[in-house]
Structures are given as structure tokens and as C-alpha cells.
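# Understanding the architecture of this molecule
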Amino acid sequence: APAVTSLKMPEPARKPVSAFSKKPRSAEVAEGSPAIFEAETERPGVKVRWQRDGSDISASDKYGLACEGRRHTLTVRDVGPTDQGSYAVIAGSSKVKFDLKVTETPAPAPAEAPGAPAAPSEPEGGAPGPEREQAGQAGLGQAPPGPSPAAPDDPIGLFLTRPQDGEVTVGGSITFSARVAGASLLKPPTVKWFKGKWVDLSSKAGQHLQLRDSYDRASKVYLFELIITDAQVSSAGGHRCEVSTKDKFDSCNFNLTVHEAVGPGDLDLRSAFRRTDSHEDAGTLDFSSLLKKSSSFRTPDSKLEAPAEEDVWEMLRQAPPSEYERIAFQHGITDLRGMLKRLRGLRRDDRKSTAFQSKLEPAYQVSKGHKVRLSVELADPDAEVKWLKNGQEIQMSGRYIFESVGTKRTLTISQCSLADDAAYQCVVGGEKCSTELFVKEPPVLVTRGLEDQLVMVGQRVEFECEVSEEGAQVKWLKDGVELTREETFKYRFKKDGRRHHLIVNEATLEDAGHYALRTSGGQTLAELIVQEKKLEVYQSIADLAVGARDQAVFKCEVSDENVRGVWLRNGTELVPDSRIQVSHIGRVHKLIINDVTPADEADYSFVPEGFACNLSAKLHFMEVKIDFVPRQEPPKIHLDCPGRTPDTIVVVAGNKLRLDVPISGDPAPTVIWQKSLPQGKKAAAAPAPGAPEDPGAGDSEEWVFEKKLLCETEGRVRVETTKDRSVFTVEGAEREDEGVYTVTVKNPVGEDQVNLTVKVIDVPDAPEAPEISNVGEDSCTAQWAPPAFDGGRPVLGYIVERKKKRSFRWMRLNFDLLREPRLEARRMIEGVAYEMRVYAVNAVGASRPSAPSRPFMPIGPPGEPSHLAVEDVSDTTVSLKWRPPERVGAGGLDGYSVEYCAEGCSEWVAALQGLTERTSLLVKDLPTGARLLFRVRAHNVAGPGAPTTTQELVTVREILQRPRLQLPRHLRQTIQRKVGEPVNLLIPFQGKPRPQVTWTKEGQPLRDEDVSMRNSPSDSILFIRAARRAHSGSYQVTVRVESMEDSAALLLQVVDKPSAPQDLRVTETWGFNVALEWKPPQDDGNTELWGYSVQKADKKTMEWFTVLEHYRRTHCVVPELVIGNGYYFRVFSHNMVGPSDRAATTKEPVFIPRPGARPSLPPQGAGAVTEASLGRPLATKCCRPQPKISWFKNGLDLGEDARFRMFSKQGVLTLEIRKPCPFDGGIYVCRATNLQGEAQCECRLEVRVPQ
């Protein structure tokens, strides 16, 4: 079901709660009068301070401070001009400011003619001055200025300048300003503008309402402005500005008054009704500006008396329809149709709405993506309904569905978005009802988090994150501090749909830290590591030997493609020209010299900018000498080092190889290029018979080569020959191009031949996947094998990278090359899976990365168990116990291993197979008499942790321990149990080997089936399910180990209720008293008697009343009996179990004779002290014949107190106190009064709280 909520008002934005429920208001007081300001706090007992101009106010002759509950009052007596100013009241962190304005007592004005309005003052000359008009307009179009900036600092409030009340005419503009001090704020404050109580003006911002804010860095003051343009009458009312920071809150109320427009004399009133097109409803008619008419329409002379303003609309409403045309013509209204339509609408407003039976709720709230239903009920089921959104009619579509059932009309909006947050209206004929829809956004979740990055100083950093909603509002934080838009010179924020980017253009060491992206539903965290920049030279420049008019190319490759540099010749910077060219492509820097001349022979250097390094090489100029032979000349190859020893030419794989061989000869020779291909080895020849053996001859072998002819003139490998040179070119040298090349030149005169060895060097092959070992809590060791092929150059080192298993970003772990194929990696997060890979680097460059290692997770072994102790030792067993390790780690705890080692031996033997999860173990089958050490280790996925070992050797031999009973303190006294209660006596004992336990009663073995014993190695239990009187007696328990023993005696007493007293009789009767006597009960219940309780009952009612309790004697006197009544008496016996089940009762009633008519009460002080527990009623009884009875407590009459109940029954007066408490203690008096006189008695009541 869709989540739709109907509510009366939209819920306000969450804000700090004010401590005041009622705030003081600014006041204007006449001089000499008192000024009273009242404030009311949310709860009583809050400490309130009053201030004036930032200084605390204390009670004095001038100021009066009063506090009554939650209400606090400030009174300023005899107000004078010096008392005018700003005041404040402070409670906790809430502060409310208000102003006191003092007005002088006005002097009596001269009498004026009745009905003559006062003429306004005019500037000299009689004409209204422009300054006066401008001042009037400014007063209606701007809010009054705020307080002087020289006001004292506000210790709690946030406003420097508060928005003030303002006035504006219809169609005018007004600006309200609020200034907030920002010197002590870490981030900009949040300011909200409200109209009325809840309407947030930020949702109404548009063409006619704008919100602006700015920040002055010089004064560190924030300026917030509310700008209202084209003001209407509906804009008037109370407004509120709220400013809040992390721990402070302040607000200010102000009013906007909108006056109806009064045009100048040349204003054409009829222009307001002219239409721009032919449509009936086109244009906007503003009738509010036409309801009042200025006198300037009729009296152009400003010196004449201004007649009273006429309300044109009131005239139309009161006039008959026949007068409409005359009134409209008189006041210049030409749009009669619009006037009549407006008049009908106003008249309908006066009537009660008959179109709607039930209207829309004031507001609705729905979650984004859900649907909501807006429903009304009509009085007419056939009425036409229109639905409007922000004044525009809604057409039925896939998202807007109109429903009509009887008189109910429903608008259903499905898949609500933020664009649906608007004002809606339902229009029926000329009537309408309105509501507002608030769309609540769901929390924004992080679907793909940030990833850790490691960069060099100066590099560009980009964090990328993906959230669940497009265009969601997010916050970027660095080390917990929010990154604001003011820091755009350092950080750049970018949104791309659901992706959010944080870009740091040039990273510095200060940028290192933890960066977080926070949304309304979560956050993600990543670490940025910035290291110092180091430059690595992958390929240095090499010496060159170049012939005349050839091309010389110096090339080097560095690790950073953004590094620029300078080329030097003999220490002087080279300036590029048409012959000398300098290029920088990626990481490669080149210096190209065309048409080399002898002057170009020099030392050349490349100096990278910002780094202290220098790459140098020398250019050698080769002069090719050609001997001129006028006639035939044998062919010759002109190289610096011709001969049989082959020259080696090194080329980097992928580069272009060009062998330019100058030749000569006449006639022109034929050039043949051949490459030698090895076919295998030929065995050495066997030595001649009888010849001495050569020790080194057996090791000599000879390679067999096959020569391949190279003659292609096109393609990757090609040969180009001219008259004076032959060029062999290989595009993109490969490893197969390596070998010995033979150049042969022939002509009829002869031939020449040179062997050139070409060696192709490349980056190394990728190493094998690294093997991970020694995985610890945050470290591991990675090892790998060197690459199978080093690329023709020795491997200079290795680069290792690491990444999280589910990430795609690799992080470099070393910036200096590793010489050994091994690395101990650190700074990893325990419990996170990682992978590693390796690059091999030689002089050419870095190889391809190796295959990733198997995923591994840094998990440290657990700590060592603590408090290892030997609990028990026998002849073949040892009982151990310990506590879990303090540190377990992310790998958890799989169990414990226990080992032991004999004295003088270094081999540890496992005490059990596998692991145990318990923290105790009984090691069995140990040799008797052996002296052993024990140790315990905790294990998890990472392996065993550090062991903990017993401090001393343990001898496997049972220790003889004397038996000893540890009788608890409560069993050393007489053990009392009631009949039917269970008896469970636990007797701990010690002794080794296990003692033998024996129970006896009165020296005889226990044979009762109801009594059972249970023995364990450390205690013995005597158990009786239901105790009987026969179970009483002395019990002995004995523990024996060989010839040693210990015993203890226990006295069990099973008690029951006593029997009734015997032979109750009345021994004497006199006055109001009766003497009773009885004998103790026959059975006291096997315990001491606590006493007796005596009760009496009137023969007429037979209701029993307790006379005596806890009475220990066997005779008593019952006083205060009623004369003329007959009484029965009974006695109960009591012990610790309770009263006896039966009582001893007198068989015949005892009568009290009637001696006289005067009321008789016991003498004063004769009443007994009565004790009662809380929650039980207390009854005090007095006897009398027919008087008026009154009860008093400490002299106060109790007749009107509802807690006391007084009643009389059969001559017994009772005062009942319901649920007495200690406060009810005191002296109670019962007073009886009749015509013959009065009598009274009193008693003291003491109420004790049960312990």
C-alpha cells in the first residue's frame, strides 16, 4: 500500500528547541510610567538572567525582578530617556532580545475646527519637494535600518542586525536584511525565512520572492536578504527569520504591512482594465489597487482640502445593479465585464460554501516515488471539477488520475517526485479549496564507495563515488571536517548523474588524510597517501657516432610524463631551430640534430626541471674518407671499425633500426645483406690414434649457421641501396631480428665484407605470480621468481602493487626499486582480502604486471592465554584451567592446543588430538611421578598464537590432603524448618584422595526413606523433600581419608503451629472489666511460644475484636466493655509458625450491668498505644451510651477529612485510617458529649515502616 499521510500542517524543519514558551515583546512607554516585561519558560526552576546592552541587571530601586513558577517578570520603574535601549532575557543557551522605547509626554495641542483635517507641512515655495517624495517612498519600500553596529557584542545571540518591521505599497519592492557575525563560526550558519508559523519561504522563491546571502571577508559578517518584488496584499503579515549553527540558535519576528496603491494625479485608472488580446480571461486584473481613490483625481490643487477617500468597491457592493454603469463611468472603469465578474466572486465569498461537503486537508505528505490521493466531497454529484497545480489546470495522464464515485472526487498522483511538491486546488464552479503537498525524499545510500589512493606530490587526485539517487545532496569531509564551496581553489566538486567526484588538482603533503562522502543514508571512507616525488630514469641518453650530414638522435625516458627539461651543449642551453629539434612525448624526451657537421661534436646533457639529476652523452663526428681512383676501384665498406670482429648494435624493441653503411667502388658494387641463423652444434673431431689427449679438446664445439638472404625493398624489414650507401631498415624491432648480419659488396674488381651484430633489448618478461607467506595482523611477505627473460639487460629491480580484492585500483607499495625478489608489506587492514602483483624493471623499462597472487587476508594469530593454573593432580592425571587471550583478532578463535614436556627434555608432546574449545582440560594417562611442564596455545586461521607455560614443574602424584569439613556459618546454629518445607543442607569439604562421607542421626545410621544423601568430590547434601516433626534431632556428618577424619554436628528443629490454650474461664467481673485466666497449650509446636492474643465478641453481632496481642501471661483483664451488653471471649496461642488453628472460647456470655445515665469513657491516657504497618487500616475503639462523638488528631477535628472513616456499631466506636503512613502518627482523642456533660479519652499512634 502506498505510504500516504494526511496531516493538518506540514512538519517544520528540525531546529534547536527554545527554552521560552512565551517571549517578552518590545514596548513603547511614556516617560515616567513603569515598563513591565514578562517571559515564561518551558519548565519551572530554570535560572533566568536579564540584561541591558549586554550587562546583567540585578534587583534595585530602578529594576524589579520577580519569579513565580515558570513566569519571570522585569519591571523598570519611573522610565526615563536613559532607560531607552535594547534588553535581553537569557535562559540556558536561549536568548530573546526586545527593545524599550520611551516617548515624551505630548503637550496639549491647540483646538482645531471640527472636521478640518490638519494641513501637511510643505517646504518653502509651496510645492512639494522631491526630497519629501523620495523619503516617503523609501519609508514604504524598505525595512527600517537595524540597530547601530556599535552595539555591544551579544554573548549568546547570533544576529548583529535583525530584520525590522517594514511597509510597502502594492506593486512595490522591499528588502529585509539580517547580519550574522561569522568570526567565531567554523562554517556558514543556516538561515530560514518563514511567513506565519510554518510556511517556509524557500519553497516559494521565484520571480517575486528572492533569497540572497553574501559574506564579507574583511568584517567576517554574513548578510542574508529577503527581497519581495511586486508586493501584493497577500504578502502582508508576520514573518520570522531563524538562524542556527551547530550549537546555537536565534530567531527574530518582524511584520510586513502592505498599503493599497494611491496613484499620482496623472495616473490613468482605466489602463488597469485594458486587455492585450481578445480573450475574455486574458491578462491579470489587480482590483486591490483600485478599491481606494485618492483625492488627486478630483482636486489637482494640492492646497485645497483633501476630501475623504472613497471605497469604490464598497460603493459597488451597496449600490443597486442599475447604478453600476454610472459609478464605473464616474471612476473611470471601462472593463464592465471584469468588474461584474469580480463583484460576483466577492459576493460569493460572503456566503457560506455550498459546493463542498468536505474539503481538502490543509496539507499532505508523501514519500518520493509513492502515490497520494487528494479527495473532496461535493454537495452536487453532477458538478464539474477542475484540479489546479500552482494555478495551472492538471490534465489527466499516466501520473494524474481523476476518480469520481458519487459525490467523492479524487486526484491520484502516482510516482511522486520533487516536482509534485506544490500547492493544489480543487475548483467547483466559482468555489475552490486548497492544500499543499510535501514530497519527502528517501535516504540516499552509497552504492559504490571510495577507494584508497597513493599519489606523488603534484599529481592529480580524483575520488569517485556512486550513490542511489541522481542529483543527491552530499557532503565531502576531510578528517571529519566538511569541505565547503569556499575552498574551490583547492578542491573541485563534480556531479555526473549518480556519480560524485572530488578532485584535488595538485596534491601536497598536507592533503594526505581520510576523505569521506556523507549522504542522508550513509557514508564511505578512503585514505589518501601523498609521498615525495622521485624521478626514475628508465632510459638514459647514449653516446653517438654519426657521419657527415647524417641525423643524430638523443633519446631518454623518465618515470614522470609531466616533467619538462632543458637540453645543454657543453653546458649551454640549446635553442631549437630548423636543424635542431626538441620534442617531449609522454615520458620520452628527444633531441634531433639534422645534417650533422663537425661543429656539432660536443657533450650533450638533459636536465629535468625540479630534480637534481643530469643525463649526459657525447656526440662523435665520423669522417668518411673516400680515396678517388680515376679508374676501376675495388668495393669497400666505410665504417669506423671494419674487420672480422663483429660490431654490436643495440636497439630497443619496438624502435626503428636503421643501418646506414657507406660504400664505394667503381663500377658501382652490388650489395648483399645476409642474416646468420644457427642450426645446431657440430661435434669436435676425434683425436688421432696415439696422439696425446688435449684436456680442453673434449669441451670444444662448433656452431653451424645458415645464412638468409635479405633483399626485400618494402615491408617491415627492407634494404635500400644507392650509389654511395646501403641502408638496412627494420621497422619496430622485435626479438627475432636479433643476430649477426653480413654486408657484402662486390664488383668485378673485388669484394668487401663486414659482419654487424644486432642485439634487440626489451623490457623483461612478467614475473611469476608472487607467493604470499608469513601473513600477520597487518603484514605479509611476498616472494616471487625472477622473470624467465630479462629483455637483454639485467633486471634493475622490482615494483610491487597491492589492491583490495573487490577493488580495481592498484596501489604501488615501493617507490625505490627492490633489488631482491622479496618484500615485506605492511600497513594493511586486518580482515580485508588483498591481492599483489609484481613488475620487473630493467634499463629499457618495466615489464607487464605479473598475474595477481592468490587472495589473502591479513589475520594475526591470537594472543597467549592467561592465568594458566593447575587445578588438580592425581597419580595419572593433571587438571588444567586457563582464561581466553585478551586479544582475539579478526580471525576469531578456533580452539586451544595443550602440550607437555618432561623435565630435561625439549620435545613437546600433544596432550590431545586436535583442538579443544573449552578453557579447561583433564590430561590423562600420565606416568606417575613424572615432573612435567604444560603449555597452552590459542589457534585461529592465522595459526597458533604465543604459548603460555606453567611457571613450575608439576609432579604427577596425588597429594595426600587431610579431610576437613567447611561448615557454613548458618548451619552452625539450630536449623529451623516448618512442617512440610524441604530441607537441603549442603556441606562442602576438602581432602585427597576423595574422602568417604558418612551421615548419622543421634549416633545411628540414617535409615529413613524420606532422608537422602548425595555426595560429590567436594561436597555432600542431606535432602528431605517434606519435613516432619520426627525429622528433628542431631545429625552428624563424618569425612574420612585413610586414618584421618573430620566430623560436624547439625541440629535440625522442625516446628509447627501450637495447640489451643487450655481451661479458659472468667474469674471476675466488675464495672466495665472482665478478668480471664487459662493454661498454656499442651503442644507448643516444638518451639518457644511467642504469646497469646485475646479477642472479644458482642453477643448481638458476634463480630470478634482483638483486645490484646503478643500477650505472654496466662491471665488478663479486658477493660472498656459496654454496659448492658453480653460478651464472649477467646484466646489463641502463637509461636514463630503462627497462631494456633483453634482457640479456647468461653462457653457462656458475660453481661455488664447498667449503673447510670452519664456517658462514661475510659480516663484520659487509658487508651493503649496502637502500632500499625503501612497499608493496613487502624481501628481505635471507644464505648459510650448515645452521646455525640468527635475525633481529633493533635487538636484538629477529623470530621471533614476523607482519609478517616468513623462509624459506630453496637456501641463500638471505630476510627479507621486508610493506608496509614508515618505522617499519620500522633495523639488521637475521642470526645463524647451529651446533655449531662462530656468525657474523652486519648491514645498515641506510632506508625512504623516494615523493614
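One structure accompanies this document, and this report is about it. All of these numbers come straight from a predicted model, not from anything done at the bench. (Residues numbered from 1 in each chain as written. Predicted model: local features only at pLDDT ≥ 70, side-chain atom pairs only at ≥ 80, totals over all residues. Heavy atoms only, no water.)

### Side note on the overall build of the protein chain
Quick reminder of the rule: Secondary structure follows DSSP: runs of H or I at least 4 residues long count as helices, runs of E at least 2 residues long count as strands, and numbering of each begins at the N terminus. Throughout this description, buried means an accessible area under 20% of the type-specific maximum (1.4 Å probe, protein chains only), exposed means over 50%, and partly exposed covers the range between. Contacts are assigned to residue pairs that have any heavy atoms within 4.5 Å of one another.
When its secondary structure is counted, the protein chain shows four helices and 97 strands. A buried classification covers 36% of the 1251 residues belonging to the protein chain. Counting only contacts in the protein chain whose residues sit at least 6 apart along the sequence, the fraction spanning at least 24 positions is 63%.

### Here's the deal with the sheet that holds strand β51 (residues 657-666)
For the record, the criterion: Here, strands pair whenever DSSP counts at least two bridges between them. Fitted lines through C-alpha atoms serve as axes, helices being fitted only where they are in contact, and the angles separating the N-to-C directions of these axes extend from 0 to 180 degrees.
Strand order in the open sheet formed by four strands is β49-β51-β55-β54, with antiparallel pairing between adjacent strands. The two strands at the open ends of the sheet, each matched to only one other strand, are β49 (633-637) and β54 (717-721). Between one strand axis and the next, the sheet turns by 15° as a mean value, whatever way the strands run. Alignment of β51 against strand β55 (residues 725-730), held across six bridges, turns out to be antiparallel. Pairing of Leu659 across the sheet is with Phe728, part of β55.

### Focus on the sheet that holds strand β74 (residues 975-978)
Strand order in this open sheet of five strands is β74-β81-β80-β76-β77, and the pairing throughout is mixed. Two strands close off the open sheet at either side, each with one partner strand: β74 and β77 (1004-1005). Sheet topology places strand β76 (residues 996-1001) next to strand β80 (residues 1033-1041); six bridges connect them, and they run antiparallel. Bridge pairing in β80 places Gln996 opposite Arg1040.

### Details of the state of the cysteines
This is how the line gets drawn: In what follows, a disulfide is any cysteine sulfur pair within 2.5 Å.
This model, assessed by the stated rule, comprises zero disulfides. Cysteine Cys252 remains unbridged, with the sulfur of Cys241 as its closest cysteine sulfur at 7.0 Å. Overall, the relative accessible area of 9% leaves Cys252 in the buried class.

### A few points about the packing of aromatic side chains
The geometry of an aromatic ring pair is captured by two quantities: the separation of the ring centres and the angle between the planes. The condition is simple: Under the pairing criterion, centres of Phe, Tyr and Trp rings, with the six-membered ring standing for Trp, must be within 6.5 Å; the plane angle then separates stacked pairs below 30 degrees from edge-to-face pairs above 60, leaving the rest tilted.
Under the definition given, this model contains 21 aromatic pairs. Here Tyr215 and Tyr222 contribute two aromatic rings whose centre-to-centre distance is 4.4 Å and whose plane-to-plane angle is 35°, an arrangement assigned as tilted. With a centroid separation of 5.5 Å and 75° between ring planes, the pair formed by Trp784 and Tyr798 is classed as edge-to-face. Here the residue Trp784 occupies a position in the loop between β59 (780-783) and β60 (797-804), and Tyr798 occupies one in strand β60, the gap between them amounting to 14 residues.

### Let's talk about the nonpolar core
Definition in use: Each nonpolar core is a collection of buried residues, namely Ala, Val, Leu, Ile, Met, Phe, Trp, Tyr and Cys, held together in the definition by side-chain atoms within 4.5 Å.
The biggest cluster of nonpolar side chains holds 24 residues, and the ones touching the most others in it are Phe176, Val180, Trp193 and Leu226. Setting aside anything within four residues of it in sequence, one finds Val180 in contact with Leu158, Phe159, Leu160, Leu185, Pro189, Lys220, Val221, Tyr222, Phe224 and Val243. Listed in part, the 23 residues of the second largest apolar core include Val376, Ala383, Tyr424 and Leu437.

### Quick look at the pattern of salt bridges
So the rule is basically this: Salt-bridge detection follows one rule: a side-chain nitrogen of Lys or Arg within 4 Å of a carboxyl oxygen of Asp or Glu.
For the structure on display, the rule yields 51 salt bridges. With a closest N to O distance of 3.0 Å, Arg70 and Glu40 form a salt bridge. Here Glu40 lies in strand β4 (residues 35-41) and Arg70 lies in the loop between β7 (63-68) and β8 (71-76), a separation of 30 residues in the sequence. Residue Arg70 is classed as partly exposed on the basis of its relative accessible area, which comes to 34%.

### Examining unusual backbone geometry
The step from Asp666 to Pro667 runs through a cis peptide bond, and the omega angle for that step is 5°. Relative to the assigned elements, Pro667 resides in the loop between β51 and β52 (670-682). Cis geometry is found at the peptide bond from Lys992 to Pro993, where omega equals -10°. Inspection of the secondary structure assignment puts Pro993 in the loop between β75 (983-992) and β76. A positive phi is found at Asp595, a non-glycine position, where the angle reads about 50°. Looking at the element boundaries, Asp595 is found in the loop between β46 (588-593) and β47 (603-608). Here Met1102, not a glycine, exhibits a phi torsion of approximately 55°, which is positive. The partly exposed category is assigned to Met1102, whose relative accessible area is 39%.

### Points about the side chain of Asn1073
Position of Asn1073 relative to the elements: it lies in strand β83 (residues 1073-1079). Residue classification places Asn1073 among the buried positions, given a relative accessible area of 17%. Contacts of Asn1073, omitting those with residues within four sequence positions, involve Glu1068, Val1117, Val1118, Pro1119, Glu1120 and Leu1121.

### Details of the environment of Gly471
If you trace the backbone, Gly471 turns up in the loop between β33 (461-467) and β34 (475-478). Classification of Gly471 by relative accessible area gives partly exposed; the value is 46%. Through-space distance from the C-alpha of Gly471 to that of Lys495 is 7.3 Å; in sequence the pair is 24 residues apart. Not counting the four nearest positions on each side in its chain, Gly471 is found in contact with Lys495 and Gly497.

### So, the pairing of strand β12 (residues 166-169)
The two faces of the sheet receive side chains in turn, since in a regular strand these alternate between them. In β12, alternate side chains face the same way, and those of Gly166 and Val168 are buried while those of Glu167 and Thr169 on the opposite face are not. Pairing of β12 with strand β19 (residues 249-259) involves four bridges; the strand directions are parallel. Directly across from Glu167, in β19, lies its bridge partner Thr257.

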